[in-house]
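# Structure at a glance
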Amino acid sequence: MNFVPFAEQTLNLVVSLYKTTSQHRDVISNHVLFKIIKTLHVPLGLKYGCLSQSTWMLAINSLLVVLHTGLPVARKHEVSFQGFWSELAFTLEDFLFSKHPPPSSLSVEDYQRDEAVDCRVIQLIRDDVLPYAGGVPKEFIVKMMEILNKGSIHSATTDTFVDTESSRKLREEFAKACFETLLQFSFVNTSPSAEGSISKLAVVSLLQRCQDVLRRFVEDERLSGKCPLPRPRMSEMAFVLKAVSTLLGSLKRAPQDNIESTMWTQIIALYPYLVDCTTSTSGEVCKALKEALHEYKDLLAPPGLVHNGI
């Protein structure tokens, strides 16, 4: 007998019931949200490995619904949700970077549909988690930054970087969503508060992401010879270069006392990679590269002088 429809209907009832009872004392004290997340972790981790593809799709939609309702409750009742945050972090990571790849028979339309679901998870992190960083454990926020950083470079993990199918494999929209979230929270605050800590974490992750993309682009373009890299790689590179320009401009305008010297060290470490990119034959990349290099002019100073916090 196929119990999948029964299980899915039961899950719908659980979600509906939780939405109406999330504020009840017994629901909070008995860690109901934690138990829901732990149960959903199984199909979400399996993802394409589920017997029925409708199962993981229902599971992720259910997760988004209960989190929209439950996250404010979890922040308000910190003591009752101590184990919840770590379980949520691992659940999100296992879903977004599943060990079960999509089947080769998956159509382009279905692939794009599934990628859009992944982007909805990033939207949840952007809208319902990071703006409230002061009310959740720092370890959870660090994990979210790791997920965003990993997601923003996950697009380039395929070995067949010149494959004509790479526009599917790269999860371009997902990577862009992760990167834009990192960029957004790099400028949320420069004060020594919880929001300021998020800014610093985001900047560090963003700079590491930029360096990885620059390094891989130079290596891959050299290996590709006269064969151009796939369009998503060119777009990714141009987007990263524009982000470098934006980040540099924002850091230069920010109060220098609130910027750690290690950030400037990372910024300067990008420069050799930018110079290596000057051999690119892509007009789009060269234009963005020119803007990024111009931003470095304010960091140039005679030896021995301190400028802009360096």
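Since the model is a prediction, treat every value here as computed from it, not as a measurement. (Residues numbered from 1 in each chain as written. Predicted model: local features only at pLDDT ≥ 70, side-chain atom pairs only at ≥ 80, totals over all residues. Heavy atoms only, no water.)

## Some details on the packing of helix 6 (residues 108–129) against helix 9 (residues 172–185)
At a minimum axis distance of 8 Å, the contact between helix 6 and helix 9 shows a crossing angle of 10°. Here helix 6 lies roughly parallel to helix 9, going by the angle between them. Facing Glu115, Asp118, Cys119, Ile122 and Arg126 of helix 6, the residues of helix 9 in contact are Glu172, Glu173, Phe174, Ala177, Cys178, Thr181, Gln184 and Phe185. Residue composition of the contact of helix 6 with helix 9, by class: 6 nonpolar, 2 polar and 5 charged. (Axes fitted to C-alpha atoms, helices over the stretch in contact; angles between N-to-C directions. Helix = DSSP H or I, 4+ residues; strand = E, 2+ residues; numbered from the N terminus. Parallel < 35°, antiparallel > 145°, perpendicular 65-115°, else oblique. Contact = heavy atoms within 4.5 Å. Nonpolar A, V, L, I, M, F, W, Y, C, P; charged D, E, K, R; others polar.)

## Regarding the nonpolar core
In summary, soluble globular proteins display a tendency toward joint burial of nonpolar side chains. Judged by nonpolar contacts, the single largest core of 90 residues is most densely connected at Phe84 and Leu88. In terms of residue count, helix 4 (residues 53–76) provides more of this core than any other element does, 12 residues in total. Beyond its immediate sequence surroundings of up to four residues, Phe84 is in contact with Leu33, Phe34, Ile37, Leu67, Leu71 and Ala74. (Core = buried A, V, L, I, M, F, W, Y, C linked by side-chain atoms within 4.5 Å. Buried < 20%, exposed > 50% of the residue type's maximum accessible area, 1.4 Å probe, protein only.)

## A closer look at the pattern of salt bridges
Where charged atoms from two side chains of opposite charge come close, those side chains can pair. As enumerated under the stated definition, the model contains 11 salt bridges in all. The partner of Lys143 in a salt bridge is Glu146, with the nearest N and O atoms 3.7 Å apart. Here the residue Lys143 and the residue Glu146 both occupy positions in helix 7 (residues 138–153), the gap between them amounting to 3 residues, near one helical turn. A residue is classified by how much of its surface remains accessible, and Lys143, at 17% relative accessible area, is buried. The exposure class of Glu146 is partly exposed, given its relative accessible area of 43%. (Salt bridge = Lys/Arg side-chain N within 4 Å of Asp/Glu carboxyl O.)

## Observations concerning the environment of Gly70
The topology assignment puts Gly70 in helix 4. For the pair Gly70 and Tyr18, spaced 52 residues apart in the sequence, the C-alpha separation amounts to 8.7 Å. Those residues within four positions of Gly70 in sequence are excluded, and the remaining contacts are Tyr18 and Leu33.

## Digging into the confidence of the model for the protein
For the protein, per-residue confidence averages 83 on the pLDDT scale, and 85% of positions sit at 70 or higher. Note on residues 155–168: pLDDT is under 50 here. Beyond four places in sequence and across chains, it has 25 contacts. (pLDDT = per-residue confidence, 0-100.)

## Digging into helix 3 (residues 32–46)
Taking 1.5 Å per residue as the helical rise, helix 3 with its 15 residues ought to reach 21 Å, and the 22 Å between its terminal C-alpha atoms agrees with that figure. Residues of helix 3 that are buried: Leu33, Ile36, Ile37, Leu40, His41, Pro43, Leu44 and Gly45. Buried-residue contacts for helix 3 involve helix 1 (4–21), helix 4 and helix 5 (84–96). Remark: Lys47 follows helix 3 within two positions and exhibits a positive phi of approximately 45°. (Expected span 1.5 Å × (residues − 1).)

## A few points about the packing of helix 9 against helix 11 (residues 231–253)
Running from amino to carboxyl end, helix 9 crosses helix 11 at an angle of 5°, the nearest separation of the two axes being 11 Å. As the angle between them shows, helix 9 and helix 11 are arranged roughly parallel. Contacts from Glu172, Lys176, Phe179, Glu180 and Leu183 in helix 9 reach Arg231, Pro232, Ser235, Phe239, Val240 and Ala243 in helix 11.

## A look at the state of the cysteines
Per the counting criterion, the structure on display carries 0 disulfides. Left unpaired, Cys277 is separated from the closest cysteine sulfur, that of Cys286, by 9.2 Å. (Disulfide = S-S within 2.5 Å.)

## Digging into helix 6
The first and last C-alpha atoms of helix 6 sit 31 Å apart over 22 residues, in line with the 32 Å expected at 1.5 Å per residue. Residues of helix 6 that are buried: Tyr111, Asp114, Glu115, Val117, Asp118, Cys119, Val121, Ile122, Leu124, Ile125 and Val129.

## Quick notes on the side chain of Ser245
Structurally, Ser245 is set in helix 11. A relative accessible area of 11% places Ser245 in the buried class. Non-local contacts of Ser245, meaning those with residues more than four positions away in its chain, are made with Ala288, Glu291, Ala292 and Glu295.

## Comments concerning unusual backbone geometry
Phi is positive for His31, which is not a glycine, with a value near 55°. Mapped onto the secondary structure, His31 falls in the loop between helix 2 (25–29) and helix 3. The phi torsion at Lys47 lies on the positive side, around 45°, for a residue other than glycine. Topologically, Lys47 is positioned in the loop between helix 3 and helix 4. The exposure class assigned to Lys47 is buried, which follows from its relative accessible area of 4%.

## Focus: the side chain of Glu115
Along the chain, Glu115 falls in helix 6. Classification of Glu115 by relative accessible area gives buried; the value is 9%. A distance of 2.8 Å separates a polar atom in the side chain of Glu115 from the backbone nitrogen of Glu173. (Polar contact = N/O pair within 3.5 Å; in protein donor to acceptor, adjacent residues only side chain to side chain.)

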